Amino acid sequence: MKLPASLLLGLVLNLAPVFAADLLVRAGTVVTMDAERRVIPDGAIAIEGNRIVAVGPRAEVEAAHSAPRVLDYPEGILLPGLLNTHTHAAMSLFRGIANDRTLDDWLQHFIFPAEARNVTADFVYWGTRLAAAEMLMGGTTLFVDMYYFEEEVGRAAADAGIRAIAGQTIIQFPVPDAATPVAGLARTEDFLKRFAGHPLVTAAVAPHALYTNDRETLVACRRLADKYGVPLVIHLSETKKEQEDMRARYGKSPAAVLTDWGVFDGPTIAAHGVWLSDADLELLRARKVGIAHNPASNMMLSSGAARVGAMRRIGIPVGLGTDGPAGSNNDFNLFEEMDLAAKLQKVSTMDPTSLRAEDVVAMATIEGARSIHMDQHLGSVEAGKLADWLVLDATALNATPMYEIYSQIVYAFKASNVRDVMVNGVLLVRNGELLYENPAELRKKAEEFRRSVSESLLRQ
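Residues numbered from 1 in each chain as written. Predicted model: local features only at pLDDT ≥ 70, side-chain atom pairs only at ≥ 80, totals over all residues. Heavy atoms only, no water.

> Would you explain the sheet that holds strand E17 (residues 426-430) in this entry?
Adjacent strands of a sheet form backbone hydrogen bonds with each other and so pair up, either parallel or antiparallel. Spatially, E4-E3-E2-E6-E15-E16-E17-E18 is the arrangement adopted by the eight strands of the open sheet, whose pairing is mixed. A single partner strand is all that each edge strand has here, and the edge strands are strand E4 (51-57) and strand E18 (433-434). With six bridges joining them, strand E3 (residues 39-48) and E4 adopt antiparallel strand pairing. The residue of E4 that forms the bridge with isoleucine 45 is valine 55. (Pairing = 2+ DSSP bridges. Helix = DSSP H or I, 4+ residues; strand = E, 2+ residues; numbered from the N terminus.)

Here is the structure:
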């Protein structure tokens, strides 16, 4: 007698061993972002320690795993934590100064002077804590940083529980934490040693850009990154002026110069890439350079529209970044970046199909993980990956009704719809509230720094 398939499945499930886990998470929908792009209705995940050990339909996961704790989101959408692949977190304390200016004017006449007068280790710590709180509330579980006093960025990220690739800036002229690039390199090496093996913080080497460093410094940065097996983070071809100035100086594009000098000969995260030619893209593809696309910043500074479609077509992984507040963006909202990334490509190419909603969700998750060379551990909800995820409230009026889930995530959901967030197996946001942070303290510290920054600007 042939048994029905449903009965056979039941028998198999009943006979299968039950594995112990630490936590079961049930959700109305699980958006995995795995290779098959599985979207699982009435799904569940099992977590042991800081890793996901099972993903699938709720009945299957519960039949195979037991756990002392259960989180239940019957009307929630669970998806991988969002990855902010380029920012300057501590600049949250400069939020809103010197807007509506060109990049060169903003840097030379406002930000560099303001940083010289105000940026200290304490400034960086509290600015990063403020940024981390905002990012977590919006579903961001990792950020790639480039700033000064990065040991304070690492400390703040660890205290907040968020994941970070913290890039210590190296630049040719005196900056708040180093008088010379040699001093900057020495500080960076100490930083790399201090955070080696940290569960949340990956220390990195971050030469600011080709136009702010010479060959000797940039080559030394690559060697230092290779010595410790960490990524190199750099700004690349952000503006037309940068592209033209570097071509005039070196006779080649910035990408070609950095390739010739060997700067891309190792894991590299390049921010912006707005003015890259076809030849530049081939150089980056061959060296597996990841691009951090910053649509809001590129629009706000009139830098241009990066050729995201061309990059992705030839296999360059592209992530999304917010850049830093002050003049290039005033928030850390990756839901806004997803929306803007899709729409900027549509209007710049005059093709509404040029970047689909599903593509943009990938850029914020699994493709973003590839762009920062961490896709073995992050970017999708899969067995073996780290337990970094967020849950959206599918009952939100601004996201009702729902027909197509990727379109809803990109064009309807907002950061304010994030309900819960987990990083490294630890729940950090619950019912839209931070569990381990004091917003009143953050506001108090931000106001103290606002007063000192305002006074310093009056002295200009």
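> Quick question: what am I supposed to make of the nonpolar core here?
A general trend in soluble globular proteins is that nonpolar side chains are found buried together. Core analysis: the largest hydrophobic core is formed by 117 residues, its most contacted members being Phe94, Phe335, Met338, Leu392 and Ile409. In this view, isoleucine 409 contacts Leu79, Phe335, Met338, Val361 and Leu392; residues no more than four positions away in its chain are not counted. Listed in part, the 18 residues of the second largest apolar core include Val25, Ile45, Tyr73 and Val391. (Core = buried A, V, L, I, M, F, W, Y, C linked by side-chain atoms within 4.5 Å. Buried < 20%, exposed > 50% of the residue type's maximum accessible area, 1.4 Å probe, protein only. Contact = heavy atoms within 4.5 Å.)

> Would you explain the pattern of salt bridges in this entry?
Opposite charge on two side chains permits pairing when their charged atoms draw close. Across all of its chains, the model carries 30 salt bridges by this definition. Here aspartate 177 and arginine 187 are joined by a salt bridge, their closest N and O atoms 3.7 Å apart. Of this pair, aspartate 177 sits in the loop between strand E9 (163-170) and helix H6 (181-194) while arginine 187 is found in helix H6, placing the two residues ten residues apart along the sequence. (Salt bridge = Lys/Arg side-chain N within 4 Å of Asp/Glu carboxyl O.)

> Help me understand the environment of phenylalanine 173 in this model?
Tracing the backbone through its elements, the reader meets phenylalanine 173 in the loop between E9 and H6. Here the alpha-carbon distance between phenylalanine 173 and valine 119, two residues 54 residues apart in the chain, equals 15 Å. Residue contacts for phenylalanine 173: discarding those within four places in its chain leaves Phe112, Ala178, Ala179 and Thr212.

> I would appreciate a short explanation of a nonpolar patch on the surface in the present structure.
A contiguous nonpolar patch, built from Val426, Leu435 and Tyr436 and spanning about 300 Å² of accessible area, is present on the exposed surface. Tracing the backbone through its elements, the reader meets leucine 435 in the loop between E18 and helix H17 (439-458). (Patch = residues over 30% accessible without salt bridge, like charges linked within 9 Å, V, L, I, M, F, W, Y side chains within 5 Å. Areas by Shrake-Rupley, 256 points an atom, 1.4 Å probe, with all protein chains shown as cover.)

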